[in-house]
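Summary of the model geometry
Below are the chains, spelled out letter by letter.
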Amino acid sequence: MGLSKDAKSFTKITLDESEMPTQWYNIIPDLPSPPPPPLHPGTHQPVGPADLAPLFPMDLIMQEVSTDSYIDIPGEVLDVYRTWRPSPLFRARRLEKLLDTPARIYYKYEGVSPAGSHKTNTSVPQAYYNKKAGIKKITTETGAGQWGTALAFACSLFDLECEVWQVGGSYDAKPYRRLMMEVFGANVHRSPSQLTEAGRKLALDPKNHSGSLGIAISEAVEAAVTDPTVAYALGSVLNHVLMHQTIIGEEALKQLAKVGETPDLLVGCTGGGSNFAGLSFPFIREKLKGKMNPEIRAVEPASCPSLTRGKYAYDFGDTAGMTPLMKMHTLGHDFIPDPIHAGGLRYHGMAPLISHIYELGMMTAESVGQKECFAAAVQFARTEGIVPAPEPTHAIAVAIAEALKAKETGEEKVILTALCGHGHFDLAAYDAFLNGNMVDSAINEKDFEAALAALPVM
Ligand SMILES: *Cc1c(COP(=O)(O)O)cnc(C)c1O
């Protein structure tokens, strides 16, 4: 698309408070077919709202299964969103200059939230609906700590207790994230813990000592199902979580329209898939309407490549096998990825909705090693002034690679990415990179084979 006069003069594209979207977008009714339903682990029958009631408040369950295209964001949630939203969209002018590329790179910055990542877009509504349903406490898992921080913040606003099981490796390596959760009032445990049956059992196997998201989910779910005043919250993967994040893409659409741009490539990092879905789903809607034609590309770590290497199969969301079975690209629920720095991308599966869209051929995916990611992140930090969280460095690496390709072809490619969080608590990762101590770990093929062999028999 042509570069408008306005696009030439803008670096930071903002929206007024009054332009903030007031609805979340549900992509499911616009897809050629709906995603396969989650199944009950015992009966293998589709789970209904009643099956999910011990875990989630009914408002969220109805969003999970909704076939409405749009859902109004409650006023109480909009009030909280307004403290940092609409978030800015930047054009990466100095990075473009460094790369000497004709491509134009835009990034939607979610690190301006109180927790420093996009996760507050869903933690706030989740806390709100739980409070409304009379819940007293929310349990959850967290990897690097971004989700736990976002939920602890939201619970503090709505006067709810918050109990977090943090993946052991991250708990040990990132004390500042734990402290931040504690400042917001959360009670944080190292997972696997001795507080749950799942934790006690899984802790017996030494390979589980550094923990995983799957193990931490098992612990948090167990703690929630045993008490009716306690609910569980998930920071990614589920339909309602992805939907809450669509405010990112809805804002970005308006911001790009302001400067007369349409993207040729959308690129985002995928752990469970929520920031990627949040940015891309509104653009996929526009693409389906024939209004634009961007390629939509997910980037995942080489050591946890669920979309590019995983099997599209029904699997558990957690390690102990307590959740419903979800059809997704999975490395196997007891696959433990190497402890890379992008802790938020170490989940064994991919959101069922993204897995389905990938199967439909509506998006592409690739995996990147962490050294390439951090090399890109340092280039980005030194030109744009923001230190990215380790997770979005994956998207930045691909954005840079594509901008360099555009230099060869002379293409004025418009690239859009979500810079979904800052890396202020991840400086140890940058330390490892800058001192040459970072290693690229590939997927362990033997463990991967074993984990696939342990997929539930359907
Ligand atoms: C949690 C997190 C991720 C991974 O989760 P998605 O659901 O895939 O977005 C990526 N980046 C940041 C900054 C996160 O906090």
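Residues numbered from 1 in each chain as written. Predicted model: local features only at pLDDT ≥ 70, side-chain atom pairs only at ≥ 80, totals over all residues. Heavy atoms only, no water.

Looking at an unreviewed UniProt entry, the protein carries the name Tryptophan synthase beta chain, with the source organism given as Candidatus Nanopelagicus limnae. Per UniProt, the comment on the protein under Pathway (unreviewed entry) is "Amino-acid biosynthesis; L-tryptophan biosynthesis; L-tryptophan from chorismate: step 5/5." (UniProt positions renumbered as here; feature names shortened; annotations may be inferred.)

Here's the deal with the side chain of His422
On the secondary structure map, His422 appears in the loop between strand E15 (414-419) and helix H19 (427-434). At 3.2 Å, the side chain of His422 and the backbone nitrogen of His424 are in polar contact. Excluding residues that lie within four positions of it along the chain, His422 makes contacts with Tyr109, Gly111, Gly116, Arg177, Val387, Pro388 and Ala389. (Helix = DSSP H or I, 4+ residues; strand = E, 2+ residues; numbered from the N terminus. Polar contact = N/O pair within 3.5 Å; in protein donor to acceptor, adjacent residues only side chain to side chain. Contact = heavy atoms within 4.5 Å.)

Considering the UniProt feature "domain: Tryptophan synthase beta chain-like PALP" (unreviewed entry) in the protein
Under the UniProt annotation, the feature "domain: Tryptophan synthase beta chain-like PALP" (unreviewed entry) is placed at residues 83-421. Secondary structure across residues 83-421 comprises 42% helix and 19% strand; the distance between its end C-alpha atoms is 17 Å.

Quick notes on the UniProt feature "modified residue: N6-(pyridoxal phosphate)lysine" (unreviewed entry) in the protein
Here the UniProt-annotated "modified residue: N6-(pyridoxal phosphate)lysine" (unreviewed entry) positions come out as Lys119. Of note, Lys119 is situated in the loop between strand E5 (104-109) and helix H6 (120-132). For Lys119, a relative accessible area of 14% gives the class buried. Ignoring any residue separated from it by four or fewer positions in sequence, one finds Lys119 in contact with Gln146, Trp147, Ala150, Gly235 and Gln245. (Buried < 20%, exposed > 50% of the residue type's maximum accessible area, 1.4 Å probe, protein only.)

Here we look at the sheet that holds E15
With respect to topology, seven strands assemble into an open sheet ordered E1-E4-E5-E15-E10-E11-E14, the strand pairing being mixed. Only two strands of the sheet have a single neighbouring strand rather than two, namely strand E1 (12-13) and strand E14 (364-368). Here six bridges tie E5 to E15, and the two strands are oriented parallel to one another. When the sheet's bridge partners are listed, Tyr109 is paired in E15 with Leu419. (Pairing = 2+ DSSP bridges.)

Brief notes about the packing of helix H13 (residues 246-258) against helix H14 (residues 274-288)
Closest axis-to-axis distance for the H13/H14 pair is 6 Å, and the angle between their directions is 55 degrees. Taken together, the axes of H13 and H14 are oblique relative to one another. Of the two possible hands of crossing, H13 and H14 adopt the one that is right-handed. Residues Thr246, Ile248, Gly249, Glu250, Ala252, Leu253 and Leu256 of H13 lie in contact with H14, whose contacting residues are Ala277, Gly278, Leu279, Phe281, Pro282, Phe283, Arg285 and Glu286. Class assignment of the residues belonging to the contact of H13 with H14 gives a composition of nine nonpolar, three polar and three charged. (Axes fitted to C-alpha atoms, helices over the stretch in contact; angles between N-to-C directions. Parallel < 35°, antiparallel > 145°, perpendicular 65-115°, else oblique. Left-handed = near helix turned anticlockwise from the far one by under 90°. Nonpolar A, V, L, I, M, F, W, Y, C, P; charged D, E, K, R; others polar.)

Here we look at the environment of Ile138
For Ile138, the position within the fold is in strand E6 (residues 137-142). On the accessibility criterion, Ile138 (0% relative accessible area) is buried. The spacing of Ile138 and Met328 is 190 residues in sequence and 26 Å in space, taken between C-alpha atoms. Beyond its immediate sequence surroundings of up to four residues, Ile138 is in contact with Gln126, Ala127, Asn130, Leu151, Cys155, Leu160, Glu161, Cys162, Glu163, Ala231, Tyr232 and Ala233.

Structural notes on the site of the ligand
In the region of the ligand, 17 residues are neighbours, and Lys119, Ser236, Gly271, Gly273 and Ser274 sit closest. Here Ser274 contributes a side-chain N or O atom positioned 2.7 Å from an oxygen atom of the ligand. If the ligand stood free it would expose 380 Å²; the protein chains cover 96% of that surface. (Near = heavy atom within 4 Å. Areas by Shrake-Rupley, 256 points an atom, 1.4 Å probe, with all protein chains shown as cover.)

Regarding the packing of aromatic side chains
A complete count under the given rule lists twelve aromatic pairs for this structure. Aromatic side chains Tyr128 and Phe158 sit 5.9 Å apart centroid to centroid with 65 degrees between the ring planes, which places their arrangement in the edge-to-face category. With Tyr128 in helix H6 and Phe158 in the loop between helix H7 (146-157) and strand E7 (161-167), this residue pair connects regions lying 30 residues apart in the sequence. Pair check on accessibility: Tyr128 and Phe158 agree, each one buried. Plain terms: the ring middles of Phe335 and Phe448 are 6.2 Å apart, the flat faces sit at 75 degrees to each other, and that makes the pair edge-to-face. Here the residue Phe335 occupies a position in the loop between strand E13 (325-330) and helix H16 (352-359), and Phe448 occupies one in helix H20 (residues 445-453), the gap between them amounting to 113 residues. What links up through ring pairs into an aromatic cluster is the set Tyr81, Trp84, Phe153 and Phe184. (Phe/Tyr/Trp six-rings, centres within 6.5 Å; stacked < 30°, edge-to-face > 60°.)

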